[in-house]
Amino acid sequence: MKLSHFNFNLPKELLAEFPAENRDESRLMVIDRKKQTIEHKMFKDVINYFDDGDVLILNNTKVFPARLYGNKEKTGARIEVFLLRELNSEQRLWDVLVDPARKIRIGNKLYFGDDDSLVAEVIDNTTSRGRTLRFLYDGSYEEFRNKLTELGETPIPKYINREVTAEDAERYQTIYAKEEGAVAAPTAGLHFSKHLLKKLEIKGVNFAEVTLHVGLGTFNPVEVEDLSKHKMDSEELIINQAACDVVNEAKGKKKRICAVGTTSMRAIESSVSSQSTLNPYEGWTNKFIFPPHDFSIANCMITNFHTPKSTLLMMISAFCGHDLMKKAYEEAIKEEYKFYSYGDAMLIL
């Protein structure tokens, strides 16, 4: 498969600017790989596809307010600083992206907040837009982190061409988010309401939680025609024994095991035993899934509609089958499904 196989024309108006009014009332396209059928439902209908003993694998990462705006010393120029990951908590070193980058050099200082109470010094260049910053703040580590949260805003994707609202802080977060560390939401999970999760639980469906801290690399378009040459950014991954037990028991009983989102799928595919069971894991993963790929754990998945040439689309092609995926996407565009982070969902059986 080549990069050009994953290009398609996506009308701009199908990129969702806002979430559906209610989480579980977005649309749901249901694809049956065996029957090669495509159906149109509402997300809350997802409950009809799961029974007692089936498992949903959820990514419980929590998005932190990663986008800050500071001013450059002397010139006062407004600079966007996007926090990617903490490198050293004692020294308060962070890996960040800056915009506009050309003005930001090693040794520059940036000031944040109306009172300039938070300062950052540029100590390294990592990529064209990447920098290492050392934050200077007069307070404990906990106070420093609280300050970052106070000054940061919800990192909704750049394609959403509007100001961040208070609603985004709630809606760009799954209701089961627990472990802080993502700079982008695992968006398939955004469709689950408390009510829907409760109904699934009452039906006997089990949940296995994994943690994959979603980085920006997940959303980077691929730029090499030969997919095997693409390098994924590493993301932190934790899978505990309890999650493995839930998943492996269901696998032994031939139950439906559903990865909620591409991040959950990447998480579990990163830690498969030689017997094709799920192993505990703590570390980093840069697994890139593209066709052909044998999936070892999940036999169905929930995902959003993805943008052209994205690694996410390549995983869907590998799981769904390329021709069926193309047909589904053509239908989604014709039926005006909403795409990307705040868009509609797809269940692949």
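Here, the structure is the one placed above.
Since we're looking at a predicted model, the values are computed, not measured. (Residues numbered from 1 in each chain as written. Predicted model: local features only at pLDDT ≥ 70, side-chain atom pairs only at ≥ 80, totals over all residues. Heavy atoms only, no water.)

**Q** Would you mind showing me how to read the packing of helix α6 (residues 311–320) against helix α7 (residues 322–334) here?
**A** Angle between the axes and distance between the axes are the two parameters that describe a pair of packed helices. Where α6 meets α7, the closest approach of the two axes is 7 Å, and the angle between their N-to-C directions is 120°. As far as their axial angle goes, α7 and α6 are oblique. In terms of crossing hand, the pair formed by α6 and α7 is right-handed. Taken together, the residues of α7 that come into contact with α6 (itself represented by Leu-313, Ile-316, Ser-317 and Cys-320) are His-322, Leu-324, Met-325 and Tyr-329. (Axes fitted to C-alpha atoms, helices over the stretch in contact; angles between N-to-C directions. Helix = DSSP H or I, 4+ residues; strand = E, 2+ residues; numbered from the N terminus. Parallel < 35°, antiparallel > 145°, perpendicular 65-115°, else oblique. Left-handed = near helix turned anticlockwise from the far one by under 90°. Contact = heavy atoms within 4.5 Å.)

**Q** I would appreciate a short explanation of empty space enclosed by the protein in the present structure.
**A** Gaps left between atoms show up when a probe the size of a water molecule is rolled over them. Within the structure shown, the criterion is met by four cavities of 30 Å³ or more. One number sums up the size of the largest cavity: a volume of about 130 Å³. Lining the largest cavity we find 16 residues, and of these Thr-187, Phe-219, Thr-262, His-306 and Leu-312 sit closest to its centre. Contributions of two or more residues to the lining of the largest cavity are made by α5 (262–269) and β16 (300–304). Tallied by class, residues from the lining of the largest cavity come to seven nonpolar, nine polar and no charged. Lining the second largest cavity we find Pro-19, Ala-20, Asn-22, Arg-23, Ser-26, Arg-171, Leu-190, His-191, Ser-341, Tyr-342 and Gly-343. (1 Å grid on protein atoms, 1.4 Å probe; cavity = no way out; pocket = protein on both sides within 12 Å on 5 of 7 lines; lining within 4 Å. Points joined across faces, edges and corners; volume = space filled by probe spheres on them. Nonpolar A, V, L, I, M, F, W, Y, C, P; charged D, E, K, R; others polar.)

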